[in-house]
Amino acid sequence: MLNDDFLTKWEHILADVNKTDVPLECIKKVVIKFKGGRQHTINLHTLQKQGLDLEDIEVLLNRTFTEQNDEIRDVDFVVDVGSVAKLVQPETDKLLGKL
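Residues numbered from 1 in each chain as written. Predicted model: local features only at pLDDT ≥ 70, side-chain atom pairs only at ≥ 80, totals over all residues. Heavy atoms only, no water.

> Please clarify how the pairing of strand 1 (residues 27-34) should be interpreted in this entry.
When a strand is regular, its side chains alternate between the sheet's two faces. Note that strand 1 and strand 3 (residues 72-79) share seven bridges and pair antiparallel. From the neighbouring strand, Val-31 faces strand 3, where its bridge partner is Asp-76. Counted between consecutive antiparallel strands, the loop separating strand 1 from strand 2 (residues 39-43) contains four residues, among which Gly-36 sits at a positive phi close to 95°. (Pairing = 2+ DSSP bridges. Helix = DSSP H or I, 4+ residues; strand = E, 2+ residues; numbered from the N terminus.)

> Is there a simple way to think about the sheet that holds strand 2 in this case?
Strand pairing in a sheet is mediated by backbone hydrogen bonds. Such pairs are either parallel or antiparallel. In spatial order, the strands read 2-1-3; together these three strands make up an open sheet with antiparallel pairing. Every interior strand has two partners, whereas the edge strands, strand 2 and strand 3, have only one. Each neighbouring strand pair of the sheet contributes to a mean axis angle of 15°, computed without reference to strand direction. Pairing of strand 1 with strand 2 involves five bridges; the strand directions are antiparallel. In the strand pairing of strand 2, Val-31 is matched with Thr-41. Across the sheet, helix 3 (residues 54-68) touches strand 1, strand 2 and strand 3, and the angle it forms with strand 1 is around 10°. (Axes fitted to C-alpha atoms, helices over the stretch in contact; angles between N-to-C directions. Contact = heavy atoms within 4.5 Å.)

> Is there a simple way to think about the packing of aromatic side chains in this case?
Following the criterion strictly, the structure yields zero aromatic pairs and no others. Between the NZ or CZ atom of Arg-38 and the centre of the ring of Phe-34, over which it lies, the distance is 4.2 Å. (Phe/Tyr/Trp six-rings, centres within 6.5 Å; stacked < 30°, edge-to-face > 60°. Lys NZ or Arg CZ within 6 Å of the ring centre and 35° of its normal.)

> Which parts of the structure should I look at to understand a negative patch on the surface?
On the surface, Asp-53, Glu-55, Asp-56 and Glu-58 cluster together into a patch of negative charge. Here Glu-58 is to be found in helix 3. (Patch = residues over 30% accessible without salt bridge, like charges linked within 9 Å, V, L, I, M, F, W, Y side chains within 5 Å. Areas by Shrake-Rupley, 256 points an atom, 1.4 Å probe, with all protein chains shown as cover. Salt bridge = Lys/Arg side-chain N within 4 Å of Asp/Glu carboxyl O. Lys, Arg positive; Asp, Glu negative; His and termini not counted. Charge placed at Lys NZ, Arg CZ, Asp CG, Glu CD.)

> Explain the nonpolar core here, please?
Generally speaking, nonpolar side chains in soluble globular proteins are found buried as a group. By size, the foremost hydrophobic cluster in this structure holds eleven residues: Leu-24, Ile-27, Val-30, Ile-32, Phe-34, Ile-42, Leu-44, Leu-47, Ile-57, Leu-61 and Ile-72. Only strand 1, helix 2 (44-49) and helix 3 provide two or more residues apiece to this core. Among the elements that line this core, the one with the most residues is strand 1, at four residues. Contact partners of Ile-32, with chain neighbours within four places excluded, come to Arg-38, Gln-39, His-40, Ile-42, Thr-64, Phe-65, Ile-72 and Asp-74. Of all hydrophobic cores here, the second largest spans six residues; its members include Trp-10, Val-79, Val-81 and Ala-85. (Core = buried A, V, L, I, M, F, W, Y, C linked by side-chain atoms within 4.5 Å. Buried < 20%, exposed > 50% of the residue type's maximum accessible area, 1.4 Å probe, protein only.)

> Explain the environment of Asp-76 to me, please; I cannot follow it from the model alone.
On the secondary structure map, Asp-76 appears in strand 3. Relative accessible area serves as the criterion here: at 28%, Asp-76 is assigned to the partly exposed category. A C-alpha to C-alpha distance of 6.5 Å links Asp-76 and Ile-32, two positions 44 residues apart in sequence. If we skip the residues at most four places from it in the chain, Asp-76 touches Lys-29, Val-30, Val-31 and Lys-33. Among the polar contacts listed, one links the side chain of Asp-76 to the side chain of Lys-33, at a separation of 3.0 Å. (Polar contact = N/O pair within 3.5 Å; in protein donor to acceptor, adjacent residues only side chain to side chain.)

Set out below in structure tokens:
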């Protein structure tokens, strides 16, 4: 389990990252905001728990964006800080270990 201080450091790092560059496995949920104020949240963690793999989720997201494109005002990607930290930290440790 990652401690709160560790995750806080990663939150600061991720604040400056362009979210379009984040792998799907590092996204917790997608919030689609429609014209007129309605919004729809797609929780990727829940979909994975229900048995969908990342390819299925990507197809679902692409289909949703394509079908609803004219009505979408904004899309927010909520990054799973813990997943990103677990993915990146081992490589960071290797790089820093060489200094």
